[in-house]
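What follows is each chain in one-letter form.
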Amino acid sequence: MKNYLHSLFAEAATRLDYLNGIKLTFDIPKSPEHGDYSSNAPMILAKNLKKAPRLIAQDIVANLKTDSHIISKIEIAGNGFINFFFTPLFLSKLVSEIIEKNGDFGKSTSYSGKKANVEFVSANPTGPLTVGHGRNAVCGDTIANLLEWVGYSVDREYYFNNAGRQMRVLGDSVKKRYLEILGDNMEFPDDYYQGQYINLIAQKIYEKYGDTLRDEDPEGIFKSTAEQEIFLEIKNSLANLDINHKIFYNENDLYTEGKIQALINSFEEKSLSYKKEGAVWLKLTEMGNEADKVIVKSTGEPTYRLPDIAYHIVKLDRAYDLLIDIFGSDHTATYPDVLAAINNLGYDSGKVKVIIHQFVTVIKDGEIVKMSTRKANYITLDELTEEVGKDAVRYFFNMRNLNSHMNFDLNLAKEKSEENPVFYVQYAHARISSIIRMAQDNNIAPSLQDLGLLSSEDEIRLLKILNLFKEEVLLAATNCDPQRITAYVEELAKAFHKFYTTCRIIGVEKNLSSARLTLINAVRIVLANGLSILGVSAPDKM
RNA sequence: GCGCCCGUAGCUCAACCGGACAGAGCAUCAGCCUUCUAAGCUGAGGGUUAGUGGUUCGAGUCCACUCGGGCGUACCA
């Protein structure tokens, strides 16, 4: 629809030169009375042309060569809006495309041939994933889905570090619990990992090795067993949500493969770093950032910034066209440094897109739960998934705008799981499936012949919404905004439920029956496709 | 102190580059099942978009300041 309007205006611009000077946009008005699309061009032009917007609008409209099979009405309204109304027949043309493309409808080739990498979750294996990680996990996977829908070939990647201080403490935490099992009276420091899972890992080690590990280095079997066990659990938690990373990248490889040293060298060669007080500093101020930062401590140990930069270079070297990082808001401060650094090393930081999501505030029994893996104060993602189900978890996290802080009331989520909007959407899909089954039993065949019979308000409303799907997918993908899809799918479901109460499919005149059956099949396909992007199932029965 | 994000109905949240009377869901109240799934539909009430000022044809959206919340601001990750 939009394309048609653009071509109309382009043609008119050959006579109206002033149209070339502005950026044309077509908006979908909030109120249907204002048409399917509207243009605000007259108001933008008014100042320069020193002419009343409504007069400009008349001039433009007079120059538009519209096809009455496509546009049914053009109105000049308000202060100078031009409103366009499309014909139902034109709107219904899309239905045959939907039926034909089926599960592929909505996919586009806008970015085909391009490679993207989405890095998300990336929690170190020190404990189970929490509800807090859930948002990152679900949104990251959905964004990856969206990119695939617009043509990208996407790698999902998980970056982790099993070498740092956190992991040392983890290994030692396990050893202390192990020694407890052996009967030693251990002091267990406050800043050690308090979780029950530590005891379970220690128990496993005890069952396997008995008391032979009394003198084992905490960073040996204890740490490696903990890492394995925890990673197993993390992967399992993700798999429960249908999230599967293709690549797990260990920060440690950056060291063993010499990437860290190489990076230090290139900074030095390019005079992007200097030594001060025994540490190596990166000249971030010269790169336009706020302050220089240490990349190698005086102890000789790199700070986290260095591997972060090295890791991005590794990814850039893999020739992706787009790198997406999904971070929680606690990373807000670090990525500008990474971008500045890779830029100054001659890489295109424009390929890197950083998505920051705000934190989830978990509320349980009316109180805010302060999540801490260390203190074992958390609600695990698994508990949530078991409680409310995969579909609800995925839907819920995708319902919210990424940079809005969200409250997650666990009690509400559990008790209200029946009223979650996901059921509303799935119910529409199940209802349609049921009608289609029944139509088959009654030998009613769908037909593309009589779509012109679809003319009631509720039928046209459905057609209009169906016509927006492709654009929504593209917008959601380019803006990395999964929330658009949940909003869309709800709008479509709502329109269907309304239609269902006013229009019968079975038991009306044969041609109309066939046309409506085709219409709802198209609705079913688009609902299923939208849900598939979200990673939510589309049941045939409920 | 400084930087980023946020503040919208009782609650949880929408509102694409600034656009027409700010929208949903839940909750509350009142209706709708002899016919395709009532996990549904219809209607009602509920708002000074935290506040003040500014920019312009037009501001929830942009700018400045104030108030309130989150996250940063490490030779922690």
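Residues numbered from 1 in each chain as written. Chains lettered and ligands numbered in written order. Predicted model: local features only at pLDDT ≥ 70, side-chain atom pairs only at ≥ 80, totals over all residues. Heavy atoms only, no water.

(A) Inspection of the overall build of chain A at higher detail. Within chain A, the secondary structure is distributed over 20 helices and 15 strands. Seen through its C-alpha atoms, chain A measures out along the principal axes to roughly 85 × 60 × 40 Å. A total of 542 residues make up chain A; the buried ones form 52% of that total. Taking the contacts inside chain A whose residues are at least 6 apart along the sequence as the reference set, 74% of them involve residues at least 24 apart. Per element, the accessible surface of chain A, about 25,300 Å² overall, is 47% carbon and sulfur. (Helix = DSSP H or I, 4+ residues; strand = E, 2+ residues; numbered from the N terminus. Buried < 20%, exposed > 50% of the residue type's maximum accessible area, 1.4 Å probe, protein only. Contact = heavy atoms within 4.5 Å. Areas by Shrake-Rupley, 256 points an atom, 1.4 Å probe, with all protein chains shown as cover.)

(B) Seen up close, the protein's contact with RNA strand B. The environment of RNA strand B is made up of 68 residues, and the closest members are Thr-25, Arg-400, Asn-407, Tyr-427 and Arg-431. Within 4 Å of the protein, the contacting atoms of RNA strand B are 63% sugar and phosphate, with bases supplying the remainder. A distance of 3.4 Å separates a base nitrogen of RNA strand B from a polar side-chain atom of Ser-31. Asp-330 places a main-chain nitrogen or oxygen 3.3 Å from a sugar or linking oxygen of RNA strand B. Listed by contribution, the elements that provide at least two residues to the surface near RNA strand B are α2 (41-49), β4 (81-86), β9 (279-282), β15 (406-409), α16 (421-441) and α19 (483-502). Residue contributions to the surface near RNA strand B peak at eight residues, all from α16. (Near = heavy atom within 4 Å. Polar contact = N/O pair within 3.5 Å; in protein donor to acceptor, adjacent residues only side chain to side chain.)

(C) Representation of the pattern of salt bridges in the model. For the structure on display, the rule yields 29 salt bridges. The residue Lys-315 makes a salt bridge to Glu-119 at a minimum N-O spacing of 3.0 Å. Taken together, the residues span a long stretch of sequence, with Lys-315 in helix α11 (residues 305-317) and Glu-119 in strand β5 (residues 115-119) at a distance of 196 residues. Asp-141 is the salt-bridge partner of Arg-394, the closest N and O atoms lying 2.9 Å from each other. (Salt bridge = Lys/Arg side-chain N within 4 Å of Asp/Glu carboxyl O.)

(D) Inspection of the packing of aromatic side chains at higher detail. Counted by the stated rule, this structure contains 22 aromatic pairs. Centre to centre, the rings of Phe-9 and Phe-26 are 5.2 Å apart; their planes meet at 70°, and the pair counts as edge-to-face. Here Phe-9 is found in helix α1 (residues 2-13), whereas its partner Phe-26 is found in strand β1 (residues 26-27), with 17 residues between them in sequence. The pair formed by Phe-9 and Phe-26 is uniform in burial state, with each residue classed as buried. (Phe/Tyr/Trp six-rings, centres within 6.5 Å; stacked < 30°, edge-to-face > 60°.)

(E) Up close: helix α7 (residues 196-209). Over its 14 residues, α7 runs 20 Å from end to end, which matches the ideal 20 Å to within 8%, given 1.5 Å per residue. Just beyond α7, the residue with positive phi is Gly-210, at close to 60°. (Expected span 1.5 Å × (residues − 1).)

(F) Representation of empty space enclosed by the protein within the structure. Applying the stated criterion to the full structure yields one cavity of 30 Å³ or more. Computed from the structure, the largest cavity encloses a volume of approximately 50 Å³. As for the largest cavity, its lining consists of Asp-308, His-312, Asp-325, Phe-327, Thr-334, Tyr-335, Val-338, Leu-339, Val-352 and Val-354. Per-element accounting of the lining of the largest cavity gives the leading share, three residues, to helix α12 (residues 335-344). Here the lining of the largest cavity is built from residues that sort into six nonpolar, two polar and two charged. (1 Å grid on protein atoms, 1.4 Å probe; cavity = no way out; pocket = protein on both sides within 12 Å on 5 of 7 lines; lining within 4 Å. Points joined across faces, edges and corners; volume = space filled by probe spheres on them. Nonpolar A, V, L, I, M, F, W, Y, C, P; charged D, E, K, R; others polar.)

(G) Examining the state of the cysteines more closely. By the definition in use, this model includes zero disulfides. Not engaged in a disulfide, the cysteine Cys-139 finds its nearest cysteine sulfur in Cys-480; these two sulfurs lie 11 Å apart. (Disulfide = S-S within 2.5 Å.)

(H) Fine view of the sheet that holds strand β8 (residues 273-276). Taking strand neighbours across the sheet as the criterion, the three strands line up as β8-β9-β10 in an open arrangement whose pairing is antiparallel. Only two strands of the sheet have a single neighbouring strand rather than two, namely β8 and β10 (293-296). When the angles between neighbouring strand axes are averaged without regard to direction, this sheet yields 45°. Bridging between β9 and β10 involves three bridges; their strand directions are antiparallel. Bridging from a neighbouring strand, Val-280 pairs with Val-296 of β10. (Pairing = 2+ DSSP bridges. Axes fitted to C-alpha atoms, helices over the stretch in contact; angles between N-to-C directions.)

In short, geometric facts, not functional conclusions.
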